[in-house]
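Next come the chains, spelled out residue by residue.
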Amino acid sequence: PLDSTLRGAPGVILLGHVEDVPALLASADALLLPSRHEGAPLTLIEAAWAGCPILATAEALEAWDEAANCARIVARTPMSIAHAFRATLKDGAGT
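Draft legend 1. Structural view of the sheet that holds strand β3 (residues 70-73). Across the sheet, three strands lie side by side as β1-β2-β3; this open sheet has parallel pairing. Both edges of this open sheet fall to β1 (31-33) and β3, since each of them pairs with a single strand only. With strand direction ignored, the average angle separating the axes of adjacent strands in the sheet is 20°. Note: β1 against strand β2 (residues 54-57), three bridges, orientation parallel. Looking at β2, one finds that Leu 33 is bridged to Ala 56. Seen against the sheet, helix α5 (residues 78-91) touches β1, β2 and β3 and runs at an angle of roughly 155° to β2.

Draft legend 2. Examining a nonpolar patch on the surface more closely. Taken together, the side chains of Ile 13, Leu 15 and Leu 24 make up a nonpolar region of the molecular surface, amounting to roughly 300 Å² of accessible area. With respect to the helices and strands, Ile 13 occurs in the loop between α1 (2-6) and α2 (21-27).

Draft legend 3. Molecular detail of the pairing of β2. Burial along β2 is two-sided: Ile 54 and Ala 56 facing one way and Leu 55 and Thr 57 facing the other are all buried. Pairing analysis gives four bridges linking β2 to β3, with the strands arranged parallel. Note on β3: the bridge partner recorded for Leu 55 is Ala 71.

About the thresholds
- Residues numbered from 1 in each chain as written.
- Predicted model: local features only at pLDDT ≥ 70, side-chain atom pairs only at ≥ 80, totals over all residues.
- Heavy atoms only, no water.
- Pairing = 2+ DSSP bridges.
- Helix = DSSP H or I, 4+ residues; strand = E, 2+ residues; numbered from the N terminus.
- Axes fitted to C-alpha atoms, helices over the stretch in contact; angles between N-to-C directions.
- Contact = heavy atoms within 4.5 Å.
- Patch = residues over 30% accessible without salt bridge, like charges linked within 9 Å, V, L, I, M, F, W, Y side chains within 5 Å.
- Areas by Shrake-Rupley, 256 points an atom, 1.4 Å probe, with all protein chains shown as cover.
- Salt bridge = Lys/Arg side-chain N within 4 Å of Asp/Glu carboxyl O.
- Buried < 20%, exposed > 50% of the residue type's maximum accessible area, 1.4 Å probe, protein only.

Quick look at the structure:
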């Protein structure tokens, strides 16, 4: 369902299976993780290690101390997430 919704959308690239995740994260503009329930997500650890700016909910970041390259999503509406993501991309870093 999501695949059919996003396929062909401007600026969206569906990669499928990726072998070299660190290289992909290192080349990404940012990582968005709008989860409502997370422990210590491996995705964030990999993104931080790769130097990828991170935008995530407080729940996704609860196991982290204040981290460089991280920005917190305060509200979880699609518009607030989009606004925060644009700001992250504009800044070139999470904070």
